[in-house]
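# Structural description and commentary
Read off the chains here:
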Amino acid sequence: MTATESNGAAGGMNVDFPDHSENQDLAHRIGLSRLEESGYFPKFFEIETVNACNARCTMCTINDWAKGENVLMSDALFAKFVDEVANYVDWVETVCLNRDGEPTLDKKLPKRIKMLKDAGVRRVTFATNGQLLRPELVNRLIDAGLDDIMVSVDGITKETFEAIRVRLNYETVLENTLELIRIRNERQADLTIRVRMVILESNRHETEEWLAFWSSQISPQDQVYAKPAHTWGNQLGSETRHFINMYADVPCVSPFSTVIVEVDGKVPLCGVDYNVKLPMGDFSRQSIKEIWNSEPFTEVRSKHANKRRNEIAMCKGCHIWDRDVMVTERLSSGPDHEFDPAISG
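Residues numbered from 1 in each chain as written. Predicted model: local features only at pLDDT ≥ 70, side-chain atom pairs only at ≥ 80, totals over all residues. Heavy atoms only, no water.

### Things to note about unusual backbone geometry
For residues other than glycine, phi is negative in most cases, and the peptide bonds are mostly trans. In this structure, Arg-167 is a non-glycine residue whose phi angle is positive, near 85°. Along the chain, Arg-167 turns up in the loop between α5 (158–164) and α6 (170–187). (Helix = DSSP H or I, 4+ residues; strand = E, 2+ residues; numbered from the N terminus.)

### Regarding the packing of helix α3 (residues 109–118) against helix α4 (residues 135–144)
Put simply, α3 and α4 touch, their axes get as near as 8 Å, and they point 15° apart. Looking at the two axes, α3 sits roughly parallel to α4. Crossing of α3 against α4: the hand is right-handed. Across the interface between the two elements, Leu-109, Pro-110, Ile-113, Lys-114 and Lys-117 from α3 touch Leu-137, Arg-140, Leu-141 and Ala-144 from α4. Grouping the constituent residues of the contact of α3 with α4 by class yields six nonpolar, no polar and three charged. (Axes fitted to C-alpha atoms, helices over the stretch in contact; angles between N-to-C directions. Parallel < 35°, antiparallel > 145°, perpendicular 65-115°, else oblique. Left-handed = near helix turned anticlockwise from the far one by under 90°. Contact = heavy atoms within 4.5 Å. Nonpolar A, V, L, I, M, F, W, Y, C, P; charged D, E, K, R; others polar.)

### Describing helix α2 (residues 75–85)
For α2, the set of buried residues is Leu-77, Phe-78, Phe-81, Val-82, Glu-84 and Val-85. Taken together, the buried residues of α2 touch β1 (44–47), β2 (94–96), α3 and α9 (288–292). (Buried < 20%, exposed > 50% of the residue type's maximum accessible area, 1.4 Å probe, protein only.)

### Topic: the packing of aromatic side chains
The way to describe two aromatic rings as a pair is by their centre distance and the angle between their planes. Applying the stated criterion across every chain yields a total of twelve aromatic pairs. With 5.6 Å between their ring centres and 70° between their planes, Tyr-40 and Tyr-88 make a pair best called edge-to-face. Taken together, the residues span a long stretch of sequence, with Tyr-40 in the loop between α1 (21–29) and β1 and Tyr-88 in the loop between α2 and β2 at a distance of 48 residues. Judged by relative accessible area, Tyr-88 falls into the buried class, the value being 15%. (Phe/Tyr/Trp six-rings, centres within 6.5 Å; stacked < 30°, edge-to-face > 60°.)

### Brief notes about the environment of Ser-216
Note that Ser-216 resides in the loop between α7 (207–215) and β6 (223–228). In this structure Ser-216 comes out as exposed when scored by relative accessible area, which is 51%. Through-space distance from the C-alpha of Ser-216 to that of Asn-169 is 22 Å; in sequence the pair is 47 residues apart.

### Observations regarding α6
Between its terminal C-alpha atoms α6 stretches 26 Å, which fits the 26 Å expected from 18 residues at 1.5 Å a residue. Buried positions along α6 lie against α4, β4 (148–152), α5, β5 (192–199) and α7. Two to three positions downstream of the cap, the backbone nitrogen of Glu-171 sits 3.1 Å from a side-chain oxygen, assigning the N-cap of α6 to Asn-169. Note on α6: the residue one or two positions beyond its end, Gln-188, has a positive phi of about 50°. (Expected span 1.5 Å × (residues − 1). Polar contact = N/O pair within 3.5 Å; in protein donor to acceptor, adjacent residues only side chain to side chain.)

Structure (structure tokens):
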């Protein structure tokens, strides 16, 4: 089946999107000739294999998480995901192995990476707070075939960093991140390293110094950038009237490109829907294809494509994929839109 043979409608009905400039721009952004092609299959995934964290970061939602019985994804559910995605490896761009939890708490992380790479997935990535990213794990991740890793380091001084990244140790994260770069270079591994700072009022004054330091540590294929925090879709704070008006007619890239799978298989609206308040489906009972072409996703895509996104409370003014970024080096390849896993930081 090709992309044009299935345009993502529920119940077999075709979904046609108006041919206005905003939809055309979005199609181009995700590498499509027409936006209808987005219904074929997601291009990006965030698979949460562990819903737990060793930190209590000030901009995180962890204190609001609705915990389930299990904090680890089962082997059977992960294998089911690999088996389905293996049928679409020419279409899928990226699989990110985290969402809200800290992925290095999953002792099976290298094994899961290898499963995806053995299945032919072209880009496997994850984001980490770096506390547990010790050399032994780094070597195992490289051996497994990891393509890309993002480390959040939200300050250039111990005082600033540890006030934000509560329960983490600045010296440990700094040493682990520098060792990651050193080991990658020593092994000449084909691994892109991204170091990111989430900009808050408490660390904004360190941004320029932070960018200068980390840009001096990386290689040409790597990336260093600082990005403002967000409101988690109006759940932790509210978007301003400025952004609500600015994005009212602009469809978000996420419902046309990305699926999130929680540890228990629940699929939320997008990455900001951390408690699955707007469920799109359940991967433990459905396939990705069924969920992607289901009525909930179809309705969301229709509203965004028809300039009605403000009818969805989480989408009003949300510009999570379009925040201003202070960046030193851009990735040398990849899709037109930057895929930034662990969008909270």
